[in-house]
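Geometric and topological summary
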Amino acid sequence: MPFPHQRLRRLRRTPALRRLVAETRLGVEDLVAPVFVREGIDEPVPIASMPGHAQHTVASLVAEAKRLGALGVLGLVVFGVPSTKDPLGRGASDPDGIVQVALAELASALGDEMVLIADLCLDEYTDHGHCGVLRPDGSVDNDATLDRYREVAVAQARAGAAVVAPSGMMDGQVGAIRDALDSAGFTETAVLAYAAKYASALYGPFRDAVDVTIAGGGDRRTYQQDPANRREALAEVALDVAEGADMVMVKPALPNLDVIAAVRRRFTQPLFAYQVSGEFAMVKAAAERGWVDGAAVAAEQVLSIRRAGADVVVTYFAGELAEALAG
Ligand code: PBG
């Protein structure tokens, strides 16, 4: 033979060898769990399109947080489902609103053991289901929405959120929130920007989870990003970083591995990727039919998201993966 075969299979021979040379590792500290808390219920309500997940009561949420914390999960993203909605989404900033009550209970139960991240948006709280305040013609008013986001940020920080995570894709939202937090004395509250958030069909189950229907069969394409664009995602991240984002996120995760990789190359901030409700539900549905091994697919997908460059994966599989990693 003129030259020896490249024997790449040598290092694949045993599980120990493979583990030793693995380029990417998945640990429980890489996972953040999204959770839902609903106002006015006495028992948790299962979410049909998200098997294993529920709209929690405050008490069952605290129990779930402790369970996840005991497994080593370090962070939660908390979403509130209010019992009443209105055009301005008042419940989002009400000190007695469900998410504020839940954050306060979580903070007193967990202290600094887990990182409490509050999703900062209006869509769960508005009767029209949009992420912002509407003009009379039905379009979303960017700057009027920023005024609401400022109020929400301060209410969430006051209630005990360590991190606020604006997900509404309004221009200038990170700067407005940073300014509001600093002015109210919450200089230590961090901002995790949903910087590159695409208008995706994969948010369907989430909208069941938070009882959101967008008025008139509308969508979010006038504020969320067009999936056709990658350079625009870098512009979004650059702006959010310039406005003071401490951490940035790409969402959904698996369809946007190229975006995750591009953001990783250009920016130094911790990078999160959100494996969203539809990504979770597709795996669950196929697994229920016996068509794929759900646990194996989940682990493979989350590992791929890490390999693309995400430091942290926000995933509805966090609890299951944490159990598997502990076992
Ligand atoms: C907005 C928000 C959404 C998600 C997270 N924050 C919904 C949307 O933009 O329509 C989706 C998360 C998921 O699908 O898991 N508050």
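Above this note sits the structure.
In what follows, the accompanying structure is described.

Parameters and conventions
Residues numbered from 1 in each chain as written. Predicted model: local features only at pLDDT ≥ 70, side-chain atom pairs only at ≥ 80, totals over all residues. Heavy atoms only, no water. Helix = DSSP H or I, 4+ residues; strand = E, 2+ residues; numbered from the N terminus. Buried < 20%, exposed > 50% of the residue type's maximum accessible area, 1.4 Å probe, protein only. Contact = heavy atoms within 4.5 Å. Areas by Shrake-Rupley, 256 points an atom, 1.4 Å probe, with all protein chains shown as cover. Lys, Arg positive; Asp, Glu negative; His and termini not counted. Charge placed at Lys NZ, Arg CZ, Asp CG, Glu CD. 1 Å grid on protein atoms, 1.4 Å probe; cavity = no way out; pocket = protein on both sides within 12 Å on 5 of 7 lines; lining within 4 Å. Points joined across faces, edges and corners; volume = space filled by probe spheres on them. Nonpolar A, V, L, I, M, F, W, Y, C, P; charged D, E, K, R; others polar. Phe/Tyr/Trp six-rings, centres within 6.5 Å; stacked < 30°, edge-to-face > 60°. Near = heavy atom within 4 Å. Polar contact = N/O pair within 3.5 Å; in protein donor to acceptor, adjacent residues only side chain to side chain. Pairing = 2+ DSSP bridges. Right-handed = clockwise from strand over helix to strand, strands pointing away. Core = buried A, V, L, I, M, F, W, Y, C linked by side-chain atoms within 4.5 Å.

Considering the overall build of the chain
Within the chain one finds eleven helices and twelve strands. Overall size of the chain, expressed as C-alpha extent along the three principal axes, is 75 × 45 × 40 Å. When each of the 327 residues of the chain is scored for burial, the buried share is 54%. Look at the contacts in the chain between residues 6 or more apart in sequence, and 75% of them connect residues 24 or more apart. As displayed, the chain has an accessible area near 15,200 Å², and 52% of this comes from carbon and sulfur atoms. Side-chain charges of the chain comprise 32 positive and 43 negative groups, with the mean position of each set lying 12 Å from the other.

Some points on empty space enclosed by the protein
The full count for this structure, using the stated rule, is one cavity of 30 Å³ or more. Empty space within the largest cavity amounts to approximately 140 Å³. For the largest cavity, the lining is made up of 18 residues, of which Asp123, Lys197, Tyr203, Phe206 and Lys251 are closest to its centre. When grouped by side-chain class, the residues that make up the lining of the largest cavity number eight nonpolar, three polar and seven charged.

As for helix H5 (residues 173-183)
If you check which residues of H5 are buried, you get Gln173, Val174, Ala176, Ile177, Arg178, Ala180 and Leu181. At the exit of H5 stands Gly185, carrying a positive phi of roughly 90°.

What about the packing of aromatic side chains?
For the coordinates displayed, the defined rule picks out eight aromatic pairs. Taking 5.0 Å as the distance between ring centres and 75° as the angle between the ring planes, the aromatic pair formed by Phe79 and Phe206 counts as edge-to-face. Taken as a pair, Phe79 in strand S4 (residues 75-81) and Phe206 in helix H6 (residues 204-209) lie far apart in primary sequence, 127 residues in all. The exposure classification of Phe79 matches that of Phe206, with both residues buried. An angle of 55° between the planes, with centres 5.8 Å apart, marks the rings of Phe280 and Tyr316 as tilted. Pair noted here: Phe280 is in helix H9 (residues 277-288) and Tyr316 is in the loop between strand S12 (312-315) and helix H11 (318-326), with a separation of 36 residues, a long-range link.

Things to note about the site of the ligand
Neighbouring residues of the ligand: 18 residues in total, closest Asp123, Lys197, Arg207, Lys251 and Tyr316. In this structure, Gln224 approaches the ligand through a side-chain N or O atom, which is 2.8 Å from an oxygen atom. Side-chain polar atom of Lys251 to a nitrogen atom of the ligand: 3.3 Å apart, as the coordinates give it. In isolation the ligand exposes 410 Å². Once the protein is present, 100% of that is buried. Considering only residue class, the shell around the ligand consists of eight nonpolar, three polar and seven charged.

Looking at the environment of Gly80
You can see Gly80 is positioned in strand S4. Separated by 41 residues in the primary sequence, Gly80 and Glu39 have C-alpha atoms spaced 7.7 Å apart.

Brief notes about the pairing of strand S5 (residues 115-120)
Each regular strand displays side chains that alternate between the two surfaces of the sheet. Across the six residues that make up S5, a large majority, five, are buried. By the bridge criterion, four bridges tie S4 to S5 in an arrangement that is parallel. Within the sheet, the bridge partner assigned to Gly75 lies in S5 and is Val115. In terms of handedness, the path from S4 via helix H3 (residues 98-110) over to S5 forms a crossover that is right-handed.

Remarks on the nonpolar core
Phe36, Leu76, Val78, Leu106, Tyr149, Val263 and Phe272 are the most contacted members of the largest nonpolar core, which totals 106 residues. Filtering out sequence-adjacent residues up to four positions away, Leu106 remains in contact with Leu61, Val62, Ala65, Leu76, Val78, Gly111 and Leu116.

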